Amino acid sequence: MQSLAPSSTISMKSIMRTPSPVPTPHRLAFTIQSAASRFDSASNTTNPAVSAAVPSTNNLSSGGVGKSRTDWQSSCAILASKVVSQQQNTEKTGGADNITVVNGHKTLDLVPIDNLPKPLTITDLSPAPMHGAQIRVAYQGVPGAYSEAAAGKAYPQCEAIPCDQFEVAFQAVELWIADRAVLPVENSLGGSIHRNYDLLLRHRLHIVGEVQLPVHHCLLALPGVRKEYINRVISHPQALAQCELTLTKLGLNITREAVDDTAGAAEFVAANNLRDTAAIASARAADLYNLNILADGIQDDSSNITRFVMLAREPIIPRTDRPFKTSIVFAHDKGTSVLFKVLSAFAFRNISLTKIESRPHRNRPIRLVDDANVGTAKHFEYMFYVDFEASMADVRAQNALAEVQEFTSFLRVLGSYPMDMTPWSPSRED
Ligand SMILES: O=C(O)C(=O)C[C@]1(C(=O)O)C=C[C@@H](O)C=C1
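Residues numbered from 1 in each chain as written. Predicted model: local features only at pLDDT ≥ 70, side-chain atom pairs only at ≥ 80, totals over all residues. Heavy atoms only, no water.

A word on the overall build of the chain. Assigned secondary structure in the chain consists of 16 helices and 18 strands. Residue burial in the chain is summarised as follows: out of 430 residues, 51% are buried. Long-range pairs, those at least 24 residues apart, make up 76% of the contacts in the chain with a sequence separation of at least 6. Accessible surface computed for the chain: about 20,100 Å², of which carbon and sulfur atoms make up 54%. (Helix = DSSP H or I, 4+ residues; strand = E, 2+ residues; numbered from the N terminus. Buried < 20%, exposed > 50% of the residue type's maximum accessible area, 1.4 Å probe, protein only. Contact = heavy atoms within 4.5 Å. Areas by Shrake-Rupley, 256 points an atom, 1.4 Å probe, with all protein chains shown as cover.)

Written out as structure tokens, the structure reads:
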């Protein structure tokens, strides 16, 4: 992995001024203008390849899924895999007539010849960027951050692009400044990184993979500084949470301050020559910013692991020849025991769930139920995020989602992607 030097981070302002989407050797910073809206207006057309692929009576293209362009794109991978199997059937039974039946209308007559969908190749399944250059991966933080290490694990030959916020990493991909974003979503000690769950819904990117990274924290200070001199520890809030007990055991029951990322904390201590402040960060951050390691492995549990997801503009085609995971998000507005019904759609098909997370339903956070006798009940409304162990190319998953759609008012597939099957070793990787 090629990493941009610590001093060469870029700001999003400079991106907005850049006329063409070339990688810029700086850290990306936040922009006021919504990249998502720019991207939308630039490409708000229906892909003929996808429209040709959608059976008009398909469950997944009606109701909650398929109402908006977002849902439409999110369903793309499912539909593509369905069409592949439909086309295989067509080949067996012969002729374009069957394709017409699958599509529900004479699509082949309507699609202009230069807009015909390109055949899938093996490169559609590989992480190689379309422009043929080194893959550019946006991450939040500065060099030495765990997210940078995760980018290197996911795409070993990548050019890692530091961004000052998660939002910026999403925008970098949407604006074609990066090919992928790698973002933390949960940690075994600290729990979910809620911000990224919310951003997954607000943006239109697709989850195309996951990596799990053992996180090995060190306590860093300027050379010559001893533990006794320290009266403040700074780091990313997740890192502070992951080391809470150990810090107390080390006698460092002192001020703890949250900053944007672990390596940024190390950089801050070094840049400001802070002799009373320590940072929690990786050993690589100690190297990069010339700090000493005062204590090694200070996470509260040695099996401290963070899960990251890789995001891209297009979904990958789901497969069944290796373990896949699928991530969905849904909401419901009526009915009883909806969560139970949704979860049983997976249980009855022997599909294991690996994660469930709920977040406030931002568009409609509260539902009021008036009863003249007892007053007004105020129910909180949620978005439910579920990860399950099956590929969208697996008919069990397709049927489960068709059933889930019956109980939900909104359903989006965030991605169907290969599971990280790296053998478990809680040793250091930073
Ligand atoms: O600050 C960093 O180094 C990050 O990459 C962020 C982050 C996170 O958001 O959880 C990633 C892994 C660790 O769990 C701690 C911090």
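Lining the immediate surroundings of the ligand are 13 residues, of which Tyr146, Ser147, Gln242, Thr262 and Thr306 lie closest. In the environment of the ligand, an oxygen atom lies 2.9 Å from a nitrogen or oxygen atom belonging to the backbone of tyrosine 146. Separating an oxygen atom of the ligand from a side-chain N or O atom of serine 147 is a distance of 2.6 Å. Elements supplying a minimum of two residues to the shell around the ligand: α8 (146-154), β4 (180-187), α11 (237-242) and β12 (305-312). (Near = heavy atom within 4 Å. Polar contact = N/O pair within 3.5 Å; in protein donor to acceptor, adjacent residues only side chain to side chain.)

Tyr155, Val182 and Leu311 are the most contacted members of the largest nonpolar core, which totals 48 residues. The element that contributes the greatest number of residues to this core is helix α9 (residues 166-174), accounting for 6 residues. Setting aside residues up to four positions removed in sequence, leucine 311 forms contacts with Phe170, Val173, Asp179, Arg180, Ala181, Leu183, Leu200, Leu205, His206, Ile207 and Val208. Formed by 34 residues, the second largest nonpolar core is a distinct cluster that contains Leu247, Ala279, Ala285 and Ile298. (Core = buried A, V, L, I, M, F, W, Y, C linked by side-chain atoms within 4.5 Å.)

Attention shifts here to unusual backbone geometry. Unlike most non-glycine residues, tryptophan 176 shows phi in positive territory, near 65°. Within the element layout of this structure, tryptophan 176 appears in the loop between α9 and β4. Residue class for tryptophan 176 comes out partly exposed when judged on its relative accessible area of 45%. With a phi angle near 55°, asparagine 290 is a residue other than glycine that sits in the positive phi range. In this structure, asparagine 290 sits in the loop between α14 (283-288) and β11 (292-296).

On the basis of which strands lie adjacent, the open sheet formed by 5 strands has the order β9-β8-β10-β7-β11 and mixed pairing. Strands at the two margins of the open sheet, each flanked by one partner only, are β9 (255-258) and β11. Adjacent strand axes in the sheet meet at a mean angle of 30° when their direction is disregarded. As paired elements, strand β7 (residues 218-221) and strand β10 (residues 277-281) share 3 bridges and run antiparallel to each other. (Pairing = 2+ DSSP bridges. Axes fitted to C-alpha atoms, helices over the stretch in contact; angles between N-to-C directions.)

The next thing to look at is the side chain of glutamine 398. Tracing the backbone shows glutamine 398 in helix α16 (residues 395-407). From its side chain, glutamine 398 meets the backbone oxygen of methionine 392 in a polar contact 2.8 Å long.

In this section: the side chain of glutamine 242. Within the element layout of this structure, glutamine 242 appears in helix α11. For glutamine 242, a relative accessible area of 3% puts it in the buried group. When neighbours within four sequence positions are excluded, glutamine 242 is seen to be in contact with Asn187, Leu189, Gly190, Val215, His217, Ile298, Gln299, Asp300, Asn304 and Thr306.

If you walk across this open sheet you meet the 4 strands as β14-β17-β13-β18, and the pairing is antiparallel. Every interior strand has two partners, whereas the edge strands, β14 (353-360) and β18 (410-418), have only one. Taken pair by pair, the neighbouring strands of this sheet meet at an average axis angle of 15°, ignoring direction. α16 rests against β13 (324-331), β17 (382-388) and β18 of the sheet, and its axis sits at about 160° to β18.

Attention shifts here to the confidence of the model for the chain. Close inspection of predicted coordinates is inappropriate for parts of the model with low pLDDT. Averaged over the chain, the pLDDT score is 77; the fraction of residues at 70 or greater is 68%. Here residues 5-25 is a poorly scored stretch, pLDDT under 50, and it has 47 contacts once near neighbours within four places are set aside; other chains count. Segment residues 31-111: pLDDT under 50, and 106 contacts once partners within four positions in sequence are set aside and those in other chains are kept. Both scores are given for the predicted complex: the pTM is 0.74, the ipTM 0.95. (pLDDT = per-residue confidence, 0-100.)

What follows covers the state of the cysteines. Summed over all chains, the structure comprises 0 disulfides. The thiol of cysteine 163 is unpaired, and the distance to the nearest cysteine sulfur, on cysteine 158, comes to 12 Å. Between cysteine 243, a free cysteine, and cysteine 218, which holds the nearest cysteine sulfur, the sulfur-to-sulfur gap is 9.4 Å. (Disulfide = S-S within 2.5 Å.)

Our next topic: the packing of aromatic side chains. Evaluated as defined, the whole model comprises 4 aromatic pairs. Ring geometry for tyrosine 197 and tyrosine 385: centres 5.0 Å apart, planes at 80°, overall edge-to-face. A residue pair is termed long-range when its members are at least 10 positions apart, and tyrosine 197 in helix α10 (residues 194-202) and tyrosine 385 in strand β17 qualify at 188 residues. Accessibility expressed as a relative area gives 4% for tyrosine 197, which makes it buried. Seen in terms of ring centroids, phenylalanine 346 and phenylalanine 388 are 4.6 Å apart; in terms of plane orientation they differ by 35°. Their pairing is tilted. Of this pair, phenylalanine 346 sits in helix α15 (residues 338-347) while phenylalanine 388 is found in strand β17, placing the two residues 42 residues apart along the sequence. Taking the relative accessible area as the measure of exposure, phenylalanine 346 reaches 0% and is therefore buried. (Phe/Tyr/Trp six-rings, centres within 6.5 Å; stacked < 30°, edge-to-face > 60°.)

Within this structure, the stated rule accounts for 17 salt bridges. A salt bridge links arginine 307 to glutamate 186, with the nearest nitrogen and oxygen atoms 2.7 Å apart. Of this pair, arginine 307 sits in strand β12 while glutamate 186 sits in strand β4, and the two are 121 residues apart along the sequence. With respect to class, arginine 307 is no different from glutamate 186; both count as buried. A salt bridge links arginine 396 to aspartate 394; the nearest nitrogen and oxygen atoms lie 2.8 Å apart. Residue classification places arginine 396 among the partly exposed residues on the basis of a relative accessible area of 31%. Through salt bridges with shared partners, one network takes in Glu186, Glu210, Arg307, Lys325, Lys355, Glu357 and Asp387. (Salt bridge = Lys/Arg side-chain N within 4 Å of Asp/Glu carboxyl O.)

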